[in-house]
Amino acid sequence: MTSPEWESAWKIANETGNNLFLTGKAGTGKTTFLRQLKKESKKRIIVVAPTGIAAINARGVTIHSFFQLPFSPYVPGTHTGNQQQQHYRFGKEKLRIIRGADIMVIDEVSMVRADLLDAIDDALRRLRRSDKPFGGMQMLLIGDLEQLAPVVREEEWRMLSQYYASPYFFDSRALKATDYATIELKQVFRQDDMHFVELLNKIRSKNIDDEALSTLNSRCIPNFKPRKEDGYIRLTTHNSFAQATNDREMEALPTKPYTYTATVEGDFPELSYPTDGKLTLKMGAQVMFVKNDSSAAKLFYNGMIGEVCAINEKGFSVRPADRDGVIDVERETWQNCKYRINAETNEIEEKVEGTFSQFPVKAAWAITIHKSQGLTFSHAIIDAHASFTHGQTYVALSRCKTLQGMVLAAPITRSSLISDSTVDAYTREIRNGIPTESDVERMRRAYTTSLITRLFDFKPLGVALANITRVIDEHLYKAYPDLLQQYKVALETFKSDVETVAARFKMQYERMAAVTKETAGGCVGDELQGRITKGAVYFLEKTTTISDLLKKSELATNNKQTAKQVANAKELLAEALIMKTGMLEYARNEKFSVDGYLTHKAALLLGDNRQGAAAERKRTKTATAAKADIPEDATHPLLFETLKQWRYVKATEAGLPAYCILTTKALTGIACLLPTDIHTLMTIPQIGRVKAEKYGEEIVNMVWKYRETIFSKDQGL
């Protein structure tokens, strides 16, 4: 699967550091592009999406979950909560992943608001310790602007409209500050139903001819009554239409009804209820979850369809349509929040005015088109005659897998194909700015130079060296005066012999990189290679002194807090040395190239040196491992599910309850900390020496396999 646009997008994503918005109509391969990128790229990739459904489809996680963002609006220059506390909610392993990643993919970016993209920018700048847009990380934005617009409430837009021209992602301040490229995939590749794809793309462009409209409307069957076993779902434009269908279908079920009343406290307007205040269900009812699972198990997501398979007056269970197993549904709580900007502190203040607690499902023989975005159905009844917003008709029709599986409740007319002038203007603008071959070549050259700059960037090492010097100076100066003096000398020498020299060296290689040509295999020219090799030899020699100093830094203290600071400082310096010396050794011994740089960086991150790093971590720990603080939710839900399955097998083999193998809290801890050695595993609450000895090796192997899956891009984060 390839085309000129595909080739350009591939080069920009893989061979440059430029941000890219990749768009295109149905069938042009946007999803295939992402899958192939995750499979073949040398870059370390993180994949996020705005909704649970989109995240499942992209094999990633939701934006809010990954960045631990609140659902309040983000206003440039303000803060959503205490930033220092927010920073510390990220585990060390997750921070390493974020700082070590090369590219972040946001799938279904058309649903991402401008302020959310700026919130991502703010988080990446802080977490990656960089003032560059998005913390210097390359962004790949994938989506189709002809689908539904991002959701923004009226009261939120009153606040945001002072800062943004529109809620669309392309009006993000951070994105506008970058020289991002846009490529529209145009060639439609063979699909299971090419004729249907062609019809959809005519609907998408609002340029449908009489013949196509007639073909589409041939699927109009008024008063169509499907058989239950055919599994039809009805998509409607308005909630009231969906509610009427669901009430009728529920009434037709012969089983006993059960009604569950929501608990409402404070101010929570009925129009804002996420599901029915009085939720009536029966055995066999088709339902849809209306909230992501807030527990660590992450058993369901907003938009998941299922059927009630067990029910009584206390509650019910649901069998999902897209996976095996049964979910015992529990009540969830929603908050009605109001936001305002504090004029004195310039922070967004959130006030919870009311709460709504109810089982997070609603009847779903019919759902709104907005709720259907990201879902696909084999059989659907489309009721789009009353479309009222941009992209609504196209989204509804494109939820169907085939033309034969679709039934129209009413004919489609041209008046139901609604445009958005903001999107139309932006689309015209980006079509005039498609990058040329010379533009891509310029991007490639700039990226190669940026990687050389990273190779000879000694700021992280300098920060780590200054940090351990400060810790010893503040807490251990009396016990280790000679060692403190050696660190102070090493720090001053580092500034003069490394940082100052590196600044002068940068001017040299930047001048050479501006005129050099890459050789076969993407290697830099011989003259530039010679300078890189000499630089690597010089700086490797200068870092040896620091490595030797760290090795003899056996620092003992009875103060637990000081011991923790010392351990963290030594670990930070050890990791910085491993990465820097490892990359300099590559540059000394091999020809420098983009692929080579990324491959060696990945090898270091994945653990070619992990035994040495683990040994250093072990040396820096006190004899008794302090137990870590574990959040309620698993940071890595895919690993959590793997661990649950492993626990189930172990419990079945032993004939024991699952909690006798490991508690859910312990599994959550593993799926948050990602322990890569037994000692770190034992810092997780409810995992002691016996459990660690019995299951430790298996667990650590699962964690390493998961990490490698993340970095090999078979899974998103």
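About the thresholds
- Residues numbered from 1 in each chain as written.
- Predicted model: local features only at pLDDT ≥ 70, side-chain atom pairs only at ≥ 80, totals over all residues.
- Heavy atoms only, no water.
- Salt bridge = Lys/Arg side-chain N within 4 Å of Asp/Glu carboxyl O.
- Helix = DSSP H or I, 4+ residues; strand = E, 2+ residues; numbered from the N terminus.
- Buried < 20%, exposed > 50% of the residue type's maximum accessible area, 1.4 Å probe, protein only.
- Core = buried A, V, L, I, M, F, W, Y, C linked by side-chain atoms within 4.5 Å.
- Domains from an automatic or database assignment.
- Contact = heavy atoms within 4.5 Å.
- Polar contact = N/O pair within 3.5 Å; in protein donor to acceptor, adjacent residues only side chain to side chain.
- Buried area = accessible area lost by both parts, 1.4 Å probe.
- 1 Å grid on protein atoms, 1.4 Å probe; cavity = no way out; pocket = protein on both sides within 12 Å on 5 of 7 lines; lining within 4 Å.
- Points joined across faces, edges and corners; volume = space filled by probe spheres on them.
- Pairing = 2+ DSSP bridges.
- Axes fitted to C-alpha atoms, helices over the stretch in contact; angles between N-to-C directions.
- Parallel < 35°, antiparallel > 145°, perpendicular 65-115°, else oblique.
- Nonpolar A, V, L, I, M, F, W, Y, C, P; charged D, E, K, R; others polar.
- Phe/Tyr/Trp six-rings, centres within 6.5 Å; stacked < 30°, edge-to-face > 60°.

### Some thoughts on the pattern of salt bridges
For step 1, the next point in the chain: Per the counting criterion, the structure on display carries 24 salt bridges.
For step 2, the next point in the chain: With its nearest N and O atoms 3.1 Å apart, the salt bridge here joins E15 to R444. You can see E15 sitting in helix α1 (residues 4–15) and its partner R444 sitting in helix α16 (residues 437–455), a full 429 residues away along the chain.
For step 3, the next point in the chain: R444 gets classed as partly exposed once you look at its relative accessible area, which sits at 22%.
For step 4, the next point in the chain: Between D171 and K176 there is a salt bridge, with the nearest N and O atoms lying 3.0 Å from each other.
For step 5, the next point in the chain: A relative accessible area of 10% places D171 in the buried class.
For step 6, the next point in the chain: Judged by relative accessible area, which is 53%, K176 ranks as exposed.

### Re the nonpolar core
For step 1, the next point in the chain: Ranked by size, the top nonpolar core spans 68 residues in total, and within it M104 and I106 carry the most contacts.
For step 2, the next point in the chain: Taken domain by domain, the makeup of this core includes at least three residues from each of domain 1 (4–190) and domain 4 (637–712).
For step 3, the next point in the chain: Setting aside residues up to four positions removed in sequence, M104 forms contacts with I46, V48, F66, F67, I120, L124, M137, Q138, M139 and L140.
For step 4, the next point in the chain: In terms of nonpolar packing, the next biggest core, distinct from the first, is built from 56 residues, A212, M250, Y258 and W365 among them.

### Overview of the side chain of T28
For step 1, the next point in the chain: The residue T28 is located in the loop between β1 (20–24) and α2 (30–40) in this model.
For step 2, the next point in the chain: A polar atom in the side chain of T28 sits 2.7 Å from the backbone oxygen of K25.

### Focus: the domain arrangement of the chain
For step 1, the next point in the chain: Assigned domains within the chain: domain 1 (4–190), domain 2 (227–378), domain 3 (438–620) and domain 4 (637–712).
For step 2, the next point in the chain: On a C-alpha basis, the centres of domain 2 and domain 4 stand 32 Å from each other.
For step 3, the next point in the chain: Facing four residues of domain 2, the contacting portion of domain 4 comprises five residues.
For step 4, the next point in the chain: Taking both sides of the interface into account, the surface hidden between domain 2 and domain 4 amounts to around 310 Å²; carbon and sulfur atoms contribute 65%.
For step 5, the next point in the chain: Between domain 2 and domain 4 we count zero salt bridges in total.

### Observations regarding empty space enclosed by the protein
It is a probe the size of a water molecule, rolled over the atoms, that shows where empty space is left.
For step 1, the next point in the chain: As enumerated under the stated definition, the model contains four cavities of 30 Å³ or more in all.
For step 2, the next point in the chain: As a volume, the second largest cavity reaches approximately 80 Å³.
For step 3, the next point in the chain: Secondary-structure elements contributing two or more residues to the lining of the second largest cavity are β1 and α15 (421–431).
For step 4, the next point in the chain: For the lining of the second largest cavity, the element with the highest residue contribution is α15, accounting for three residues.

### So, the sheet that holds strand β14 (residues 327–328)
For step 1, the next point in the chain: Across the sheet, which stays open at both edges, the five strands sit in the order β14-β13-β12-β11-β17 with antiparallel pairing between neighbours. Edge strands, defined here as strands with exactly one partner in the open sheet, are β14 and β17 (361–363).
For step 2, the next point in the chain: Examined bridge by bridge, strand β12 (residues 305–311) and strand β13 (residues 316–320) share five bridges and lie antiparallel to one another. Bridging across to β13, V308 finds its partner in V318.

### Quick notes on the packing of helix α18 (residues 481–513) against helix α19 (residues 526–551)
For step 1, the next point in the chain: Here α18 crosses α19 at 170°, and the two axes come no closer than 10 Å. As judged from the angle between their axes, α18 and α19 are roughly antiparallel.
For step 2, the next point in the chain: Of the residues that constitute the contact of α18 with α19, the class distribution is 17 nonpolar, three polar and four charged.

### Considering the packing of aromatic side chains
For step 1, the next point in the chain: Applying the stated criterion to the full structure yields 27 aromatic pairs.
For step 2, the next point in the chain: Both rings, one in F456 and one in F539, keep their centres 5.8 Å apart while their planes meet at 50°; by these two values the pair is tilted. Of this pair, F456 sits in the loop between α16 and α17 (459–475) while F539 sits in helix α19; the two residues are 83 residues apart in sequence, bridging distant segments of the chain.
For step 3, the next point in the chain: Between F458 and F539 the ring centres are 4.7 Å apart and the planes differ by 40°, which places this aromatic pair in the tilted class. Taken together, the residues span a long stretch of sequence, with F458 in the loop between α16 and α17 and F539 in helix α19 at a distance of 81 residues. Taken as a pair, F458 and F539 share a single burial class, namely buried.
For step 4, the next point in the chain: Members of the aromatic cluster, joined through ring pairs, are F456, F458, F505, Y509, Y538 and F539.

### Some words on the sheet that holds strand β3 (residues 61–62)
For step 1, the next point in the chain: Pairing is parallel across the open sheet formed by six strands, whose spatial order is β3-β2-β4-β5-β1-β6. Each edge of the open sheet carries a strand with a single partner, namely β3 and β6 (181–185).
For step 2, the next point in the chain: Two elements, β1 and strand β5 (residues 138–142), share three bridges in a ladder whose sense is parallel. Considered in β5, the bridge of F21 is made with L141.

### Section: the pairing of strand β2 (residues 45–49)
For step 1, the next point in the chain: The buried fraction of β2 amounts to five of the five residues, a majority that puts the element mostly inside the structure.
For step 2, the next point in the chain: Every second residue of β2 is oriented toward a common face, with I45, V47 and A49 on one face and I46 and V48 on the other, all of them buried.
For step 3, the next point in the chain: Pairing between β2 and strand β4 (residues 103–107): four bridges, direction parallel. Note that in β4 the partner of V47 across the bridge is V105.

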